[in-house]
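Understanding the architecture of this molecule
Listed below are the residues making up each chain.
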Amino acid sequence: MLLLALDTATPAVTVALHDGTDVIASSSQVDARRHGELLLPAVDRVLAEAGLRLDAVTGIVAGTGPGPYTGLRVGLMTADTFGLALGVPVHGVCTLDGLAYAADLEGPFVVATDARRKEVYWARYADSRTRLTDPAVDRPADIAERVAGLPAVGAGALLYPDTFPKAHEPEHVSAAALACLAAEQLAAGGELPAPRPLYLRRPDAQVPKNYKVVTPK
């Protein structure tokens, strides 16, 4: 097994290689505006660090969000392209699940990432491997009662201490955590879904109202 994992659902552009036993190389850079520019060089860097070529990869793991439309699609389209070019399976893992796995908490807790517009993408977890709720997008004040008293991880939790007073790192997802979680599930004989993006709201770019199509006569 050699898994190439990547995620662009948060401001972190993160890539890792997992050989079925452990992460052998990883890279993470935080820049919300340069996902497309940073992702492929990060893949090259990780492969070079491991002393491997891309054609040695036996599977791709892609973070499926939730996340902003533009950033999220960079990683998913890249993962699909690699899968087609190499003829290897592409597995999807929820980005929030990767954060939960990295947090390694034993009791109930919350994962929340920054959804902008004064909202968070979030979900509740029983432990680092068990999600209790579907990912959702809400204003922190609207979910305060549902998350009251629970520890929380992620950039969204750190941004809103009134709602998440017990917030702490990790702030962003790491591909290393995604790779470890996926490798663990695959080694146990489990199946991972195809990478389908978790777009929980429409993209920021919209066709203006009263838009008039002008065609030549």
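Residues numbered from 1 in each chain as written. Predicted model: local features only at pLDDT ≥ 70, side-chain atom pairs only at ≥ 80, totals over all residues. Heavy atoms only, no water.

1. Focus: the domain arrangement of the protein
When cut into domains, the protein gives domain 1 (3-94 + 173-188) and domain 2 (96-168). Of the residues lining the interface, 14 residues belong to domain 1; the matching set on domain 2 comes to 12 residues. For the pairing of domain 1 and domain 2, the buried interface totals around 1,100 Å² over both sides, and the portion due to carbon and sulfur atoms is 67%. Of all residues in domain 1, the largest losses of buried area upon contact with domain 2 belong to Pro 66, Cys 94 and Leu 181, amounting jointly to 43% of the total for that side. One can count 1 salt bridge joining domain 1 with domain 2. Where domain 1 packs against domain 2, one counts 5 residue pairs in polar contact (both at pLDDT 80 or more). (Domains from an automatic or database assignment. Contact = heavy atoms within 4.5 Å. Buried area = accessible area lost by both parts, 1.4 Å probe. Salt bridge = Lys/Arg side-chain N within 4 Å of Asp/Glu carboxyl O. Polar contact = N/O pair within 3.5 Å; in protein donor to acceptor, adjacent residues only side chain to side chain.)

2. What to know about the pattern of salt bridges
Taken as a whole, this structure holds 5 salt bridges when the rule is applied. Between Asp 55 and Arg 53 there is a salt bridge; the shortest N-O distance is 3.4 Å. The exposure classification of Asp 55 matches that of Arg 53, with both residues exposed. Ionic contacts of the salt-bridge type, sharing partners, join the residues Asp 31, Arg 34 and Glu 37 into one network. (Buried < 20%, exposed > 50% of the residue type's maximum accessible area, 1.4 Å probe, protein only.)

3. Digging into the packing of aromatic side chains
Going through the model one piece at a time under the given rule, you end up with 2 aromatic pairs. An angle of 40 degrees between the planes, with centres 4.9 Å apart, marks the rings of Tyr 69 and Tyr 199 as tilted. Of this pair, Tyr 69 sits in helix H2 (residues 69-86) while Tyr 199 sits in the segment after helix H6 (175-187), and the two are 130 residues apart along the sequence. Take Tyr 69: its relative accessible area is 32%, and that puts it in the partly exposed class. (Phe/Tyr/Trp six-rings, centres within 6.5 Å; stacked < 30°, edge-to-face > 60°. Helix = DSSP H or I, 4+ residues; strand = E, 2+ residues; numbered from the N terminus.)

4. Re the environment of Val 153
Here Val 153 lies in strand E10 (residues 152-153). The class of Val 153 is buried, set by a relative accessible area of 0%. Considered as a pair, Val 153 and Glu 169 are 16 residues apart in the sequence and their alpha carbons are 5.5 Å apart. For Val 153, the contacting residues outside a window of four places in its chain are Leu 99, Ala 103, Leu 105, Val 110, Val 111, Ala 112, His 168, Glu 169 and Pro 170.

5. Concerning the UniProt feature "domain: Gcp-like" (unreviewed entry) in the protein
Taken from the UniProt record, the annotation "domain: Gcp-like" (unreviewed entry) applies to residues 32-144. Along residues 32-144 the backbone is 39% helical and 27% strand, and the end-to-end C-alpha distance reaches 27 Å. (UniProt positions renumbered as here; feature names shortened; annotations may be inferred.)

6. Focus on the nonpolar core
Residues Val 61, Val 93, Leu 96, Phe 109, Val 111, Tyr 125 and Ala 182 are the most contacted members of the largest nonpolar core, which totals 25 residues. Those elements that provide at least two residues to this core are strand E1 (3-7), helix H3 (95-103), strand E6 (109-116), strand E7 (119-127) and H6. A total of 7 residues in this core trace back to one element, the largest contributor, which is H6. Split by domain, the residues of this core number at least three in each of domain 1 (3-94 + 173-188) and domain 2 (96-168). Among all residues touching Val 61, those that are not within four sequence positions of it are Leu 3, Leu 4, Ala 5, Leu 6, His 91, Val 93, Leu 178 and Ala 182. Counting residues in hydrophobic clusters, the runner-up holds 24 residues, among them Ala 9, Val 15, Val 43 and Ala 79. (Core = buried A, V, L, I, M, F, W, Y, C linked by side-chain atoms within 4.5 Å.)

7. Details of the pairing of E7
With 7 bridges joining them, E6 and E7 adopt antiparallel strand pairing. Paired with Val 111 across the two strands is Ala 123, which belongs to E7. The sheet contact formed by E7 and strand E9 (residues 136-138) spans 3 bridges and is antiparallel. Bridge pairing in E9 places Val 120 opposite Asp 138. (Pairing = 2+ DSSP bridges.)

8. Re the sheet that holds strand E4 (residues 59-63)
Sheet architecture is open: 5 strands sit in the order E3-E2-E1-E4-E5, paired in mixed fashion. Two strands lie at the open edges of the sheet, namely strand E3 (23-30) and strand E5 (90-93), each paired on one side alone. Across the sheet, the axes of successive neighbouring strands diverge by a mean angle of 15 degrees, strand direction being ignored. Sheet analysis places E4 next to E5, joined by 4 bridges and oriented parallel. When the bridges of E5 are listed, Val 61 appears paired with His 91. (Axes fitted to C-alpha atoms, helices over the stretch in contact; angles between N-to-C directions.)

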